[in-house]
Amino acid sequence: MAAVGAALALSACQTQSPVQTDYPYQPADGVAVDLGPVQLRDLVVISAGKDKPGVLSASVSNKSADAQRLAFALPEGQPVYAETKAYSQERLSEGSQVQLPSVPVNPGDVITLTVQSPAAPAAVVTVPVLPAVGYYSTMSPTAAPSATATP
């Protein structure tokens, strides 16, 4: 009788502790952005500090037959651009860095970033700012970025 009572009491624990896989979450440092056929995963900004340049890091997947030009902009800031090839998946800033001229917060904080492609409306997302340490140590800005011409 005691064993049956203990089994019933212990089985009730699950009703008070929901299974984590029942709730969607992003198992990454950054955020996800869907822009039609272009998806960005683990979007973060790597910066050394407030008012210093920042490098964008993300995995970019383009499922369309056309190359896509992505625009990234801080509020009140000029956009910076990145290209993604047709039917490709690559790391943003893998070849040449995509840099924001000045990040208005310190690492550990978040910024609002507008991300846009020609194939979808703009998405406004809250992106974490991280220091260039650990696996982001190779992502520190190489030099202050220059203004990018509008397409």
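Residues numbered from 1 in each chain as written. Predicted model: local features only at pLDDT ≥ 70, side-chain atom pairs only at ≥ 80, totals over all residues. Heavy atoms only, no water.

Enquirer: Sorry, what's going on with the overall build of the chain here?
Expert: Looking only at helices and strands, the chain features 2 helices and 9 strands. Listing the helices and strands of the chain from first to last along the sequence gives α-α-β-β-β-β-β-β-β-β-β. Going through the 151 residues of the chain one by one, you find that 36% of them count as buried. A sequence separation of at least 24 residues applies to 59% of the contacts in the chain between residues at least 6 apart. Accessible surface, the chain as shown: approximately 8,900 Å² in total, 57% of it carbon and sulfur. (Helix = DSSP H or I, 4+ residues; strand = E, 2+ residues; numbered from the N terminus. Buried < 20%, exposed > 50% of the residue type's maximum accessible area, 1.4 Å probe, protein only. Contact = heavy atoms within 4.5 Å. Areas by Shrake-Rupley, 256 points an atom, 1.4 Å probe, with all protein chains shown as cover.)

Enquirer: Explanation requested: the pattern of salt bridges in the structure shown.
Expert: Note on pairing: side chains with opposite charge can pair once their charged atoms come close. The tally for this structure, following the rule as stated, stands at 2 salt bridges. Salt-bridge contacts for Asp 34 lead to Arg 41; the nearest nitrogen and oxygen are separated by 2.9 Å. (Salt bridge = Lys/Arg side-chain N within 4 Å of Asp/Glu carboxyl O.)

Enquirer: How do you make sense of the pairing of strand S9 (residues 120–130) when you look at a structure like this?
Expert: Every regular strand shows the same layout, with side chains that alternate between the two sheet faces. With 2 bridges connecting them, strand S2 (residues 38–47) and S9 associate as parallel partners. Looking at S9, one finds that Val 45 is bridged to Val 129. Where strand S8 (residues 110–117) lies against S9, 7 bridges are found, and the strand directions are antiparallel. In the strand pairing of S9, Ser 117 is matched with Ala 120. (Pairing = 2+ DSSP bridges.)

Enquirer: For this particular structure, what's the right way to read the packing of aromatic side chains?
Expert: The geometry of an aromatic ring pair is captured by the separation of the ring centres together with the interplanar angle, meaning the angle of the planes. All told, the structure shown has 1 aromatic pair when counted by the stated rule. Taken together, a centroid distance of 4.8 Å and an interplanar angle of 50° make the contact between Tyr 135 and Tyr 136 tilted. Accessibility expressed as a relative area gives 63% for Tyr 135, which makes it exposed. Judged by its relative accessible area of 6%, Tyr 136 falls in the buried class. The ring of Tyr 81 has Arg 69 lying over it, and the distance from NZ or CZ to the ring centre is 4.1 Å. (Phe/Tyr/Trp six-rings, centres within 6.5 Å; stacked < 30°, edge-to-face > 60°. Lys NZ or Arg CZ within 6 Å of the ring centre and 35° of its normal.)

Enquirer: Whenever I open this one, unusual backbone geometry confuses me. Can you help?
Expert: Backbone geometry follows two general trends: most residues other than glycine have a negative phi, and most peptide bonds adopt the trans configuration. The phi angle at Asp 51 is positive, at roughly 65°, despite the residue not being glycine. The topology assignment puts Asp 51 in the loop between S2 and strand S3 (52–62). We note that Tyr 87 has phi near 45°; this positive angle belongs to a residue other than glycine. Here Tyr 87 lies in the loop between strand S5 (80–84) and strand S6 (88–91). The exposed category is assigned to Tyr 87, whose relative accessible area is 62%.

Enquirer: I keep staring at the environment of Gly 49 and nothing clicks. Help me out?
Expert: For Gly 49, the location among the structural elements is in the loop between S2 and S3. Of the residues examined, Gly 49 reaches a relative accessible area of 5% and is grouped as buried. If we skip the residues at most four places from it in the chain, Gly 49 touches Val 103, Val 105, Asn 106 and Pro 107.

Enquirer: Which parts of the structure should I look at to understand the side chain of Ser 57?
Expert: Within the element layout of this structure, Ser 57 appears in strand S3. Engagement of the side chain of Ser 57 in a polar contact is seen with the side chain of Arg 91, the distance being 2.7 Å. (Polar contact = N/O pair within 3.5 Å; in protein donor to acceptor, adjacent residues only side chain to side chain.)

Enquirer: Looking at this model, I keep getting lost on the nonpolar core. Mind explaining?
Expert: Nonpolar side chains tend toward joint burial in soluble globular proteins. In this structure, Leu 40, Leu 43, Leu 56, Phe 72 and Leu 113 are the most contacted members of the largest nonpolar core, which totals 28 residues. Elements represented by at least two residues in this core include exactly strand S1 (31–35), S2, S3, strand S4 (68–73), S5, strand S7 (99–103), S8 and S9. If you tally residues by element for this core, the top one is S9, at 5 residues. Sequence-distant contacts of Leu 40, that is, excluding residues within four places in its chain, are made with Val 31, Ala 32, Val 33, Leu 35, Ala 58, Ser 59, Val 60, Leu 70, Phe 72 and Val 115. (Core = buried A, V, L, I, M, F, W, Y, C linked by side-chain atoms within 4.5 Å.)

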